[in-house]
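# Observations on the three-dimensional arrangement
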Amino acid sequence: MDISTATILMVGAIFALLVTGLPLAFITGLVAMAFTFGWFGEAALPLVTSRVYGFITEYSLVAVPMFVLMASLLDRSGIAKDLFNAMRVFAGRLPGGVAVQTIVVAFFLAALSGIIGGEIVLLGILALPQMLRLGYDKHLSIGVVCAGGALGTMMPPSIVLIIYGLIASVSIADLFAAAVTPAVILMGSYIAYVLVRCLKNPALGPPLDKDTQDNPFATKLDAVKAILLPGLIAFLVLGTIYGGIASVTEAAAMGVFGVLLATIVRGEFTPGMLHHSLGQTLNTCGMIIWIGIGAAALVGVYNLMGGNRFVSSLILGLDVAPIVIILVMMAIMLVLGLFLDWIGIAMLALPIFLPIVIQLGFDPIWFGILFAVNMQVSFLSPPFGPAAFYLKSVAPPDISLKDIYLSVLPFMAIQLCVLAALLMWPQLAIWPL
């Protein structure tokens, strides 16, 4: 059997097993073992396991459970709720103001944790009922919550960027620095879209009057005080990274300490809160690690078979401009995003694509930002976009999955426009480096 036939069989086996509903970690592990024994025999098993060992012993991976724990603690505290209410003071009577405020709060939450699913659930509980109660358009409200929650894939300390940095062997701090401007552009694009639609048709996002501003923060000074605490936590994490004071892993631990201290000061800390947060952290990190183990084994055996050389020669052999090859990679990952979650795409596609990207002379930091934006699109895209299922779990019963999928389409278009802008003007991302 030649490598081209083996590649088709391998891809076919993965998609056939995905239909059965097996977890991706088991699918990749099973396919990896089948091809290891079928192609090489048992003698190659130590080579595959050594690749897995290299993945799970990577020091920077320690940052992942720290940021997950930080996000979990934030979910169970009142910090996010106070932040949301404080932003309403500044939204004022602007048409679409609560939607704008929701996007800004989502940006703050992304800067605090970098965990996507938790943000959407939190915004679905806090913001969506508020917007619906105030008469906001259902589709606009849903789209704002899903797109705002997806900012966690881009805004540091993004777990997506941490995993990319581990796979690409590039500086995670540099990835964080490069991601800030595109994240701000995305946030600004969402806000501009909401304002244009609501100014054109105020019925989509009615402005608040004095009777509907039932806000616990009576003055802007009170609101600023509520914003200061999450701002200080974000500065504790990102400021120490950008200032060269701490590594990403150390900053993650400092972030957990900051959130724990904040919950104690606010009188919200309980042993039960810590217990549930640790349990959620173990579940989330267990999923990431097991998918990583399976994907590392699969990519390891495929490279031993000569798959990396086959794919490289196939793509580099195309008589097209190098940027077209990058476009093909983006298209492949967008298609994979219809069926796989981001961690599966990262572990399976990036080890094959990154050597080609570097060989073509492109900056892997820039490609990492493209990947993060691409994963934002996949996070929203039907039929398996995780954002829809996260929101559906906390949305009112009359909101269907169809409603959610229709609502996110304009925001997916915005994400694709930002992706195109980054392709045309790489300096939008890499200027701070």
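The name an unreviewed UniProt entry gives the protein chain is TRAP transporter large permease protein, with Halomonas campaniensis as the organism. Within the UniProt record for the protein chain, the comment given under Function (unreviewed entry) is "Part of the tripartite ATP-independent periplasmic (TRAP) transport system." Per its UniProt entry, the protein chain bears the Subcellular location (unreviewed entry) comment "Cell inner membrane".

### Topic: the pattern of salt bridges
Overall, the coordinates contain two salt bridges when judged by the stated rule. With its nearest N and O atoms 3.4 Å apart, the salt bridge here joins Lys 138 to Asp 403. Linking Lys 138 in helix α8 (residues 138–149) with Asp 403 in helix α19 (residues 401–424), this pair joins segments that are 265 residues apart in sequence. Exposure remark for Asp 403: the relative accessible area of 12% places this residue in the buried category. Where Glu 268 meets Arg 266, a salt bridge forms, and the shortest distance between an N and an O atom there is 3.0 Å.

### Considering a nonpolar patch on the surface
A surface patch of nonpolar side chains, amounting to about 490 Å² of accessible area, comprises Leu 318, Val 320, Ile 323, Val 324, Leu 327, Val 328 and Ile 332. Checked against the element boundaries, Val 324 lands in helix α15 (residues 322–336).

### Details of helix α4 (residues 63–76)
The first and last C-alpha atoms of α4 sit 20 Å apart over 14 residues, in line with the 20 Å expected at 1.5 Å per residue. Counting buried positions along α4 gives ten out of 14 residues, so the element sits mostly inside the fold.

### Focus: the nonpolar core
Membership of the largest hydrophobic core comes to 158 residues, with the highest contact counts inside it found for Ile 163, Ile 326, Phe 367 and Leu 380. The element contributing the most residues to this core is helix α16 (residues 342–359), with 13 residues. Dropping the residues within four chain positions of it, Ile 326 is found in contact with Val 357, Phe 362, Trp 366, Phe 367, Leu 370 and Leu 423.

### A look at the packing of α15 against helix α17 (residues 364–380)
α17 packs onto α15 with a crossing angle of 35° between their chain directions and a minimal axis gap of 10 Å. Between α15 and α17 lies a crossing whose hand is right-handed. Listed contacts from α17 to Ile 323, Ile 326, Met 329, Met 330, Met 333 and Leu 334 of α15 are Trp 366, Phe 367, Leu 370, Phe 371, Asn 374, Met 375 and Val 377.

### Some words on the environment of Ala 262
Relative to the helices and strands, Ala 262 is located in helix α12 (residues 248–265). When its relative accessible area of 4% is taken as the criterion, Ala 262 is described as buried. With 153 residues separating them along the chain, Ala 262 and Gln 415 place their C-alpha atoms 34 Å apart.

### A short note on unusual backbone geometry
For the bond from Pro 156 to Pro 157, the omega torsion is 5°, close enough to zero to count as cis. With respect to the element layout, Pro 157 can be found in the loop between α8 and α9 (159–168). Its identity is not glycine, yet Ser 169 carries a phi of approximately 55°, on the positive side.

### Some words on the side chain of Thr 102
Relative to the helices and strands, Thr 102 resides in helix α6 (residues 97–112). A residue is classified by how much of its surface remains accessible, and Thr 102, at 0% relative accessible area, is buried. Non-local contacts of Thr 102, meaning those with residues more than four positions away in its chain, are made with Phe 84, Leu 123, Ala 127, Met 131 and Val 144.

### Some remarks on the environment of Leu 126
Structurally, Leu 126 is set in helix α7 (residues 116–133). A C-alpha to C-alpha distance of 9.2 Å links Leu 126 and Thr 102, two positions 24 residues apart in sequence. With residues up to four places along the chain from it excluded, the contact list for Leu 126 reads Ala 80, Lys 81 and Phe 84.

### Here we look at the environment of Ile 103
Locating Ile 103 in the fold gives a position in helix α6. Accessibility expressed as a relative area gives 1% for Ile 103, which makes it buried. Here the alpha-carbon distance between Ile 103 and Tyr 190, two residues 87 residues apart in the chain, equals 7.5 Å. For Ile 103, the residues in contact, after removing those within four places along its chain, are Val 144, Leu 151, Met 187, Tyr 190, Ile 191 and Val 194.

Rules used throughout
- Residues numbered from 1 in each chain as written.
- Predicted model: local features only at pLDDT ≥ 70, side-chain atom pairs only at ≥ 80, totals over all residues.
- Heavy atoms only, no water.
- UniProt positions renumbered as here; feature names shortened; annotations may be inferred.
- Salt bridge = Lys/Arg side-chain N within 4 Å of Asp/Glu carboxyl O.
- Helix = DSSP H or I, 4+ residues; strand = E, 2+ residues; numbered from the N terminus.
- Buried < 20%, exposed > 50% of the residue type's maximum accessible area, 1.4 Å probe, protein only.
- Patch = residues over 30% accessible without salt bridge, like charges linked within 9 Å, V, L, I, M, F, W, Y side chains within 5 Å.
- Areas by Shrake-Rupley, 256 points an atom, 1.4 Å probe, with all protein chains shown as cover.
- Expected span 1.5 Å × (residues − 1).
- Core = buried A, V, L, I, M, F, W, Y, C linked by side-chain atoms within 4.5 Å.
- Contact = heavy atoms within 4.5 Å.
- Axes fitted to C-alpha atoms, helices over the stretch in contact; angles between N-to-C directions.
- Left-handed = near helix turned anticlockwise from the far one by under 90°.

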